[in-house]
Amino acid sequence: MLVNLKTILKDTREKNYAVGSFNVYSYETINGVKKAVIKTGKPAIISFGASYLKNMSLECVKYITESAVGKLEIQTALHLDHCSDLEIIKAAIEAGFTSVMYDGSALPFEENIKNTKAVCAMAHEKNVSVEAELGSIALGEHSNETDIDHGQAYTNPESAARFVEETGVDALAVSIGTVHGMYKAKPNIRIDILKDISAKVSIPLVLHGGSGTPEETIIQCIENGICKINVNTEISQYTVKELFKVISENPNTHLSKLTLIQEDFVSDVVSKYINLFSNVK
């Protein structure tokens, strides 16, 4: 069933687990996430980045997602990821997305507050949840989120507390050392900063850049307030690599079979992360 982000993350901090948010860009990737949800029996977030509007329309994503998971008993959210365009956010709400992310992290603090507050007012009226971002996440290798690298700017805990109080946002993405894409060197994830943010902010915290983050670090993050973790690049890299093997071994494989195989490869990565995020003690 489709629920909003606030609902799917409701018990995460109390019960010490996180829900995975997995980027989709096609019928096959949406079905890959669905297969993982059925296989694991656990919730997941189907995340569609505004940068993928050239692949699919918002209405198409909503229709396919509703068809894929709408009748499942397991909770699933449909989330618009990384969007700074208020018109696109409005269109996603109208299309039936259950959650949106306004990304004003590149803006001055006061402007980010002002715009996020406006998005919350618009979304909450339709029972749609809002995620925002404070701080700046660096650009790693093979990222397809953005071509712009704003560099790493850690989230300030005091600013995070004020931001949440003034905007009424439902979830906050924080910057503690992860990157969009894959790491260029050994990651230095600032659990100390996360602990300070978590002590000051009671709403679910979000970690962007889950791909390639060491499992022990992910567990530490969940233990210290991270409730939603985004995964994108690793799904793409693994699926492309495995498809390449299939095509190399049998160049005459029919396209219809490749689409089905692609769903399974997506499901493999998504299932791995669903189980990792949900099994923290």
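Caption draft 1: Examining the sheet that holds strand 5 (residues 129-134) more closely. Read around the closed barrel, the eight strands follow the order 1-2-3-4-5-7-9-10; overall the barrel is parallel. Across this sheet, the average inter-strand angle for adjacent strands is 25°, counted without regard to direction. Of the strands in this sheet, strand 3 (76-83) and strand 4 (99-102) touch helix 5 (residues 86-95), which is tilted by about 175° from strand 4.

Caption draft 2: Region of interest: the side chain of N232. In this structure, N232 sits in the loop between strand 10 (226-231) and helix 10 (233-249). Among the polar contacts made by the side chain of N232, one reaches the side chain of Y52 at a distance of 3.1 Å.

Caption draft 3: Quick look at helix 4 (residues 58-69). With 12 residues, helix 4 ought to run about 16 Å at 1.5 Å a step, and its terminal C-alpha atoms sit 16 Å apart, in line with that. Buried residues belonging to helix 4 abut helix 3 (27-40), strand 2 (44-49), strand 3 and helix 5.

Caption draft 4: How the structure looks around the side chain of K62. Here K62 lies in helix 4. Among all residues touching K62, those that are not within four sequence positions of it are L2, L78, A95 and G96.

Caption draft 5: Up close: the confidence of the model for the chain. When pLDDT is averaged along the chain, the result is 91; 90% of the residues meet or exceed 70. Ignoring residues within four places in sequence, the model shows residues 140-144, a span with pLDDT below 50, making 17 contacts including any to other chains.

Caption draft 6: Broad picture of the packing of aromatic side chains. Under the counting rule described, the total for this entry stands at four aromatic pairs. An angle of 90° between the planes, with centres 6.1 Å apart, marks the rings of Y238 and F265 as edge-to-face. One end of the pair, Y238, is in helix 10; the other, F265, is in helix 11 (residues 255-278), and 27 residues separate them in sequence. Between the NZ or CZ atom of R190 and the centre of the ring of Y154, over which it lies, the distance is 5.5 Å.

Caption draft 7: Summary view of the pairing of strand 5. Taking burial as the measure, the six residues of strand 5 include six buried ones, the bulk of the element. Note: strand 4 against strand 5, four bridges, orientation parallel. If you follow V100 over to strand 5, its bridge partner there is V130. Crossover strand 4 to strand 5 through helix 6 (residues 109-124) is right-handed. With four bridges joining them, strand 5 and strand 7 (residues 171-174) adopt parallel strand pairing. Of the residues in strand 7, the one forming a bridge with E131 is A171.

Caption draft 8: Representation of the pattern of salt bridges within the structure. Overall, the coordinates contain 13 salt bridges when judged by the stated rule. The partner of E110 in a salt bridge is R162, with the nearest N and O atoms 2.8 Å apart. Here the residue E110 occupies a position in helix 6, and R162 occupies one in helix 7 (residues 157-167), the gap between them amounting to 52 residues. With its nearest N and O atoms 2.7 Å apart, the salt bridge here joins E234 to K272. Remark: K272 occurs in helix 11 and E234 occurs in helix 10; sequence separation between them is 38 residues. The buried category is assigned to E234, whose relative accessible area is 16%.

Caption draft 9: Seen up close, the pairing of strand 3. Judged by how many residues are buried, strand 3 sits mostly within the fold: eight of eight residues are covered. Bridge analysis of strand 2 against strand 3 gives six bridges, and the strand direction is parallel. In the sheet register, A44 faces strand 3, and the bridge partner there is T76. Following the backbone out of strand 2, through helix 4 and into the adjacent parallel strand 3, one traces a crossover that is right-handed. Relative to strand 4, strand 3 runs parallel, the two sharing three bridges. Looking at the pairing, H79 lines up with S99 of strand 4. With helix 5 bridging strand 3 and its parallel neighbour strand 4, the resulting β-α-β unit is right-handed.

Caption draft 10: Structural detail: the nonpolar core. With 69 residues, the main nonpolar core has F22, F97, V100, L172 and F277 as its most contacted residues. What F22 contacts, discounting residues up to four positions off in sequence, is V33, A44, I45, I46, S47, V231, I235, V270, Y273, I274 and F277. Judged by nonpolar contacts, the second largest core, of 12 residues, contains V3, V19, A77 and A171.

Caption draft 11: The packing of helix 3 against helix 4, seen in detail. The geometry of helix 3 relative to helix 4 is characterised by a closest axis approach of 10 Å and an angle of 30° between their N-to-C directions. When the interaxial angle is binned, helix 3 and helix 4 end up roughly parallel. Regarding helix 3 and helix 4, the two cross each other, and that crossing is right-handed. Taking contact as the criterion, the partners of Y27, I30, N31 and K34 in helix 3 are, on helix 4, V61, I64, T65, A68 and V69. Its residues assigned to classes, the contact of helix 3 with helix 4 shows six nonpolar, two polar and one charged.

The rules behind these values
- Residues numbered from 1 in each chain as written.
- Predicted model: local features only at pLDDT ≥ 70, side-chain atom pairs only at ≥ 80, totals over all residues.
- Heavy atoms only, no water.
- Pairing = 2+ DSSP bridges.
- Helix = DSSP H or I, 4+ residues; strand = E, 2+ residues; numbered from the N terminus.
- Axes fitted to C-alpha atoms, helices over the stretch in contact; angles between N-to-C directions.
- Contact = heavy atoms within 4.5 Å.
- Polar contact = N/O pair within 3.5 Å; in protein donor to acceptor, adjacent residues only side chain to side chain.
- Expected span 1.5 Å × (residues − 1).
- pLDDT = per-residue confidence, 0-100.
- Phe/Tyr/Trp six-rings, centres within 6.5 Å; stacked < 30°, edge-to-face > 60°.
- Lys NZ or Arg CZ within 6 Å of the ring centre and 35° of its normal.
- Buried < 20%, exposed > 50% of the residue type's maximum accessible area, 1.4 Å probe, protein only.
- Right-handed = clockwise from strand over helix to strand, strands pointing away.
- Salt bridge = Lys/Arg side-chain N within 4 Å of Asp/Glu carboxyl O.
- Core = buried A, V, L, I, M, F, W, Y, C linked by side-chain atoms within 4.5 Å.
- Parallel < 35°, antiparallel > 145°, perpendicular 65-115°, else oblique.
- Left-handed = near helix turned anticlockwise from the far one by under 90°.
- Nonpolar A, V, L, I, M, F, W, Y, C, P; charged D, E, K, R; others polar.

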